[in-house]
Amino acid sequence: MLAKQLSIFLENKSGRLTEVTEVLGEAGVNLSALSIADNSDFGILRCIVSNPEKAYKVLKEAHFAVKMTDVIGFTCANVAGALSKVLRHLSENGVFIEYMYSFADGEMANIIIRPSDLENCEKILQTCDVGLLDANELYRM
């Protein structure tokens, strides 16, 4: 249930995020989910897109520093404590979460994680009360 995520490194200056979204839009690539982390010099835009390979190609051609990584997506109930139970189960089994982002959709929450051990994480999540998301499901959200 692994999905491809793009990490795009952006200088902290006005218009860089706009440029990324324009390049993707002109290529017909839709953003499904995104997260932005920044420091004083640069930001990292992590995103799930409708066509990761095409997005990677057009961003490289537009001279963006971009990297593709595997992530895992899952759903859990959008209620207090549901995510903490899943994270507790992962941490008790030695899975470290490098980063995570999520978005709620009514009664369900969609979570994207980059764990230290993708294979072990996927096995552990299969024993939890979550729904693993197929890559194509994430790309179409």
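**Overview of the overall build of the protein chain**
What the protein chain contains, in helices and strands, is 5 helices and 7 strands. N-terminal to C-terminal, the α/β element order of the protein chain is β-α-β-β-α-β-α-β-β-α-β-α. For the protein chain, long-range pairs separated by at least 24 residues make up 69% of all intrachain contacts whose partners lie at least 6 apart in sequence. Split by element, the accessible area of the protein chain, about 7,700 Å² in all, is 48% carbon and sulfur.

**Focus on the side chain of Asn110**
Among the secondary structure elements, Asn110 is positioned in strand S6 (residues 108-115). Residues in contact with Asn110, not counting those within four places in the same chain, are Phe74, Thr75, Tyr101, Ser102, Phe103, Asp105, Leu133 and Met141.

**Here's the deal with the layout of surface pockets**
Of the voids in this model, the largest pocket is the one considered here, and its volume is about 180 Å³. Around the largest pocket, the lining comprises 13 residues; the ones closest to its centre are Cys76, Ala82, Val86, Asp129 and Val130. Elements that contribute at least two residues to the lining of the largest pocket include exactly strand S4 (65-77) and helix H3 (82-92). Take the lining of the largest pocket: its biggest share by element is 4 residues, from H3.

**Some points on the nonpolar core**
Membership of the largest hydrophobic core comes to 17 residues, with the highest contact counts inside it found for Ile72, Phe74, Leu90, Ile113, Cys121, Leu125 and Val130. The greatest single-element share of this core, amounting to 4 residues, is contributed by helix H4 (residues 118-125). Membership of the second largest hydrophobic core comes to 16 residues, among which are Val20, Ala27, Ala55 and Val66.

**Topic: the packing of H3 against H4**
Think of two packed helices as two axes; the pair is described by the angle between the axes and how far apart they sit. Contact geometry for H3 and H4: axes closest at 10 Å, N-to-C directions at 130°. Classified by the angle their axes make, H3 and H4 are oblique. By crossing handedness, the relation of H3 to H4 is classed as right-handed. Contacts between H3 and H4 pair Val86, His89 and Leu90 from the former with Cys121, Ile124 and Leu125 from the latter. Residues belonging to the contact of H3 with H4 are distributed by class as follows: 5 nonpolar, 1 polar and no charged.

**Comments concerning the environment of Ala37**
Locating Ala37 in the fold gives a position in strand S2 (residues 31-38). Each C-alpha atom of the pair Ala37 and Phe9 lies 9.8 Å from the other, and the pair is 28 residues apart in sequence. When sequence neighbours within four positions are dropped, the list of residues in contact with Ala37 reads Phe42, Gly43 and Ile44.

Basis of the calculations
- Residues numbered from 1 in each chain as written.
- Predicted model: local features only at pLDDT ≥ 70, side-chain atom pairs only at ≥ 80, totals over all residues.
- Heavy atoms only, no water.
- Helix = DSSP H or I, 4+ residues; strand = E, 2+ residues; numbered from the N terminus.
- Contact = heavy atoms within 4.5 Å.
- Areas by Shrake-Rupley, 256 points an atom, 1.4 Å probe, with all protein chains shown as cover.
- 1 Å grid on protein atoms, 1.4 Å probe; cavity = no way out; pocket = protein on both sides within 12 Å on 5 of 7 lines; lining within 4 Å.
- Points joined across faces, edges and corners; volume = space filled by probe spheres on them.
- Core = buried A, V, L, I, M, F, W, Y, C linked by side-chain atoms within 4.5 Å.
- Buried < 20%, exposed > 50% of the residue type's maximum accessible area, 1.4 Å probe, protein only.
- Axes fitted to C-alpha atoms, helices over the stretch in contact; angles between N-to-C directions.
- Parallel < 35°, antiparallel > 145°, perpendicular 65-115°, else oblique.
- Left-handed = near helix turned anticlockwise from the far one by under 90°.
- Nonpolar A, V, L, I, M, F, W, Y, C, P; charged D, E, K, R; others polar.

Coordinates in, geometry out; function isn't part of it.
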